[in-house]
Amino acid sequence: MPHFLTTVRSKEDLETIQLKGLQWTCRHAYEGSPFYRKRFDDAGIGLEDIRSLEDLQRLPFTTAADLQEQYPWPLRSVPFEKIVRIHASSGTTGKRKVMVYTAKDIDDWADMFARCYATAGLSRADRVQICVGYGVWTAGVGFQLGCERFGAMAVPVGPGNIDMQMQFLVDFQPTVLCATASMALLLAEEVDKRGLGNKVAVKKVIFGAERSTDAMRSKIRELFGAEHTFDIPGLTEAYGPGTGLDCQLHQGIHYWADYYILEVLNPETLAPVRNGEVGEMVYTTLRKEGAPLIRYRSRDLTRLISGDCPCGSLFPRHDRILGRSDDMFIVRGVNIYPGHVDEILAAEKGIGSEYQIHLDRKEDGKDYMTVLVERASDGDPLADEPLSRKIERDLRKELLVSGAVKIVRYGSLPRTDRKTKRVFDNRD
Ligand code: ZN
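Residues numbered from 1 in each chain as written. Predicted model: local features only at pLDDT ≥ 70, side-chain atom pairs only at ≥ 80, totals over all residues. Heavy atoms only, no water.

Chemist: Tell me about the packing of aromatic side chains, and please be specific about residues and values.
Modeler: Evaluated as defined, the whole model comprises eleven aromatic pairs. Here the aromatic rings of Trp 73 and Phe 80 are separated by 5.3 Å at their centres, their planes lie at 75 degrees, and the arrangement is edge-to-face. Taking 5.1 Å as the distance between ring centres and 80 degrees as the angle between the ring planes, the aromatic pair formed by Trp 256 and Phe 315 counts as edge-to-face. Pair noted here: Trp 256 is in the loop between strand S11 (253-255) and strand S12 (260-265) and Phe 315 is in the loop between strand S15 (304-305) and strand S16 (317-318), with a separation of 59 residues, a long-range link. One aromatic cluster in this structure is built from Phe 113, Tyr 117, Phe 143 and Phe 150. In this structure, Lys 288 packs its charged tip against the face of Tyr 101, placed 6.0 Å from the ring centre. (Phe/Tyr/Trp six-rings, centres within 6.5 Å; stacked < 30°, edge-to-face > 60°. Helix = DSSP H or I, 4+ residues; strand = E, 2+ residues; numbered from the N terminus. Lys NZ or Arg CZ within 6 Å of the ring centre and 35° of its normal.)

See below:
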């Protein structure tokens, strides 16, 4: 069995790895990073205070604002001679988050990502067309690194370039496609439009970097004739994509708890959420040298899934990324995150995969939410009225706030090969 699969033998073993990794990380960060040393000293915490995994909760948090303040080398805990690469987030506002990597960090990331491909059930005979961005961000190089470590054949195309993508899908017969969900949908619709359905061999689609809706996933499977879609979570601050993957039973994302500890906390109170409740993902890395994370608030929202997966994996699970705590919006005093709207719409019949949420404040001073939903490609416009009333009822029941639903023509909402913007807040 390849080494990247065999590191954890039991739950006790995992806890031992985590405690050792936590103690190592605290020492490494304290000794190597003036930022962390000051944080520990200010909080009055000494290295000898970290005796059990529960002691993690005594440690101070790290935030995106901390990273920005330390630009360009936030959290750096090793001398520059040990750094072999940098990556940066594609953030559009403020300064980019730049992370430094040692040779061991790159090696660990490749192992984690190779484990993802193994979890998706790939073999070395698989061919992997990688349609995510290459460059300073972590996506392309991460997918490729993992593919090569795993031993499958990488076809590095990057995003866009639709004609080339179509040609490669037919000529090289890739069995696995890696793309953002928006890009995968675009490619699937193009395959359909060009009548290439019988000529492509894609069996598995792995989504990175963006939340995908159930409707998008099933449309992509249908148009490609694929068997599985997977969601790969990932965050530049924690290596990049590849920190976990759902197994072929799709009952949650197994995450690599031998590389990091994941806490799910209420973003307002920073206390652990109740079992199964949605909260913010907070990362503490266990082996990361260049820029270790200690209780790093990612702003990504998910929930932990309790119990054992029937697949037998010892790795714990979290749900898909359900949005960003920054994307969470408040309508009439109710917290709403787009992922929740995804889930509700996914259960509706007669609609397409795309939707938009518009928020307005009217003269009466009240907030109004309007949800634009695409009719299914074969939907009947005469059914719009009862359909929109039904979705309005379902949204009200689930979100505890009312909104108007407007059905629009299939294909009328924008498709992009990048992240799809879904919430338009027009309130001042
Ligand atoms: Zn599983």
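Once the structure has been displayed, the description carries forward.
Chemist: Now, about the packing of helix H7 (residues 181-193) against helix H8 (residues 214-224): what can you tell me, with residues and values included?
Modeler: Put simply, H7 and H8 touch, their axes get as near as 9 Å, and they point 35 degrees apart. When the axes of H7 and H8 are compared, the crossing they make is left-handed. The residues of H8 that touch H7, namely those facing Ala 181, Ser 182, Ala 184, Leu 185, Leu 187, Ala 188, Glu 189, Val 191 and Asp 192, are Met 216, Lys 219, Ile 220, Leu 223 and Phe 224. (Axes fitted to C-alpha atoms, helices over the stretch in contact; angles between N-to-C directions. Left-handed = near helix turned anticlockwise from the far one by under 90°. Contact = heavy atoms within 4.5 Å.)

Chemist: How would you sum up the pairing of strand S14 (residues 296-302)? Please name residues and give values.
Modeler: Along S14, six of the seven residues are buried, which leaves the element largely enclosed by surrounding structure. Pairing between strand S13 (residues 279-285) and S14: four bridges, direction antiparallel. Considered in S14, the bridge of Val 282 is made with Arg 297. Alignment of S14 against strand S17 (residues 323-324), held across two bridges, turns out to be antiparallel. (Buried < 20%, exposed > 50% of the residue type's maximum accessible area, 1.4 Å probe, protein only. Pairing = 2+ DSSP bridges.)

Chemist: For a nonpolar patch on the surface, give the residues involved together with the corresponding values.
Modeler: A grouping of Trp 73, Phe 80, Ile 86, Val 136 and Trp 137 is seen on the molecular surface, where their side chains present a nonpolar patch of about 420 Å² in accessible area. By the element assignment, Ile 86 lies in strand S1 (residues 83-88). (Patch = residues over 30% accessible without salt bridge, like charges linked within 9 Å, V, L, I, M, F, W, Y side chains within 5 Å. Areas by Shrake-Rupley, 256 points an atom, 1.4 Å probe, with all protein chains shown as cover. Salt bridge = Lys/Arg side-chain N within 4 Å of Asp/Glu carboxyl O.)

Chemist: Tell me about the sheet that holds S12, and name the residues and values.
Modeler: A sheet is described by the order of its strands in space; here four strands give the open sequence S12-S13-S14-S17, paired in antiparallel fashion. The open sheet terminates on both sides in strands that have one partner only, identified here as S12 and S17. Bridge analysis of S12 against S13 gives six bridges, and the strand direction is antiparallel. Pairing of Ile 261 across the sheet is with Thr 284, part of S13.

Chemist: Tell me about the nonpolar core, residues and numbers included.
Modeler: Among the nonpolar cores identified, the biggest contains 67 residues, and Leu 59, Tyr 117, Val 128, Phe 143, Ile 206 and Tyr 283 are the most heavily contacted of them. Tallying contributions element by element places helix H4 (residues 103-119) first for this core, with eight residues. With sequence-adjacent residues up to four places away left out, Ile 206 is seen in contact with Tyr 117, Phe 143, Val 176, Leu 177, Cys 178, Ala 179, Phe 230, Ile 232 and Leu 245. Listed in part, the 22 residues of the second largest apolar core include Ala 179, Ala 184, Leu 187 and Val 205. (Core = buried A, V, L, I, M, F, W, Y, C linked by side-chain atoms within 4.5 Å.)

Chemist: I'd like a rundown of the sheet that holds strand S3 (residues 127-130), residues and numbers included.
Modeler: Strand order in the open sheet formed by five strands is S4-S3-S5-S6-S7, with parallel pairing between adjacent strands. Among the strands making up the open sheet, the edge pair consists of strand S4 (153-156) and strand S7 (228-232). Put simply, the sheet's adjacent strands are angled 20 degrees from each other on average, direction ignored. Summarising the sheet, S3 and S4 pair through four bridges and their orientation is parallel.

Chemist: With reference to specific residues and values, describe the packing of helix H1 (residues 11-32) against helix H2 (residues 34-43).
Modeler: Relative to each other, H1 and H2 sit at 110 degrees, their axes nearing to 5 Å. Taken together, H1 and H2 sit at an angle that is classed as roughly perpendicular. In the packing of H1 onto H2, the handedness of the crossing is left-handed. Residues Cys 26, Ala 29, Tyr 30, Glu 31 and Gly 32 of H1 touch H2, and the partners they reach there are Pro 34, Tyr 36, Arg 37, Phe 40 and Asp 41. For the contact of H1 with H2, a count of residues per class yields six nonpolar, one polar and three charged. (Parallel < 35°, antiparallel > 145°, perpendicular 65-115°, else oblique. Nonpolar A, V, L, I, M, F, W, Y, C, P; charged D, E, K, R; others polar.)

Chemist: Describe the pattern of salt bridges, with residues and values.
Modeler: Taken as a whole and judged by the stated rule, the model has 33 salt bridges. The salt bridge involving Lys 193 is made with Glu 190; its shortest N-O contact spans 3.6 Å. Separated by three residues within a single helix, Lys 193 and Glu 190 lie in helix H7, roughly one turn from each other. Given a relative accessible area of 66%, Lys 193 falls into the exposed group. Taken together, the shared-partner salt bridges in this structure form one network comprising Asp 163, Glu 190, Lys 193 and Arg 194.

Chemist: Can you tell me about H7, naming the residues and giving the values?
Modeler: With 13 residues, H7 extends 18 Å from end C-alpha to end C-alpha; this agrees with the ideal 18 Å at 1.5 Å per step. Counted residue by residue, H7 has ten buried out of 13 residues, so it is predominantly covered. All buried positions along H7 are accounted for by Ala 181, Ser 182, Met 183, Ala 184, Leu 185, Leu 187, Ala 188, Glu 189, Glu 190 and Val 191. Immediately beyond the C-terminal end of H7, within one or two residues, lies Gly 195, with a positive phi of roughly 65 degrees. (Expected span 1.5 Å × (residues − 1).)

Chemist: Go over the side chain of Asp 111 with me, naming the residues and quoting the values.
Modeler: Mapped onto the elements of the fold, Asp 111 is located in helix H4. On the basis of relative accessibility, which here comes to 7%, the residue Asp 111 falls in the buried class. The residues contacting Asp 111, other than those within four sequence positions of it, are His 3, Phe 4, Arg 149 and Tyr 259.

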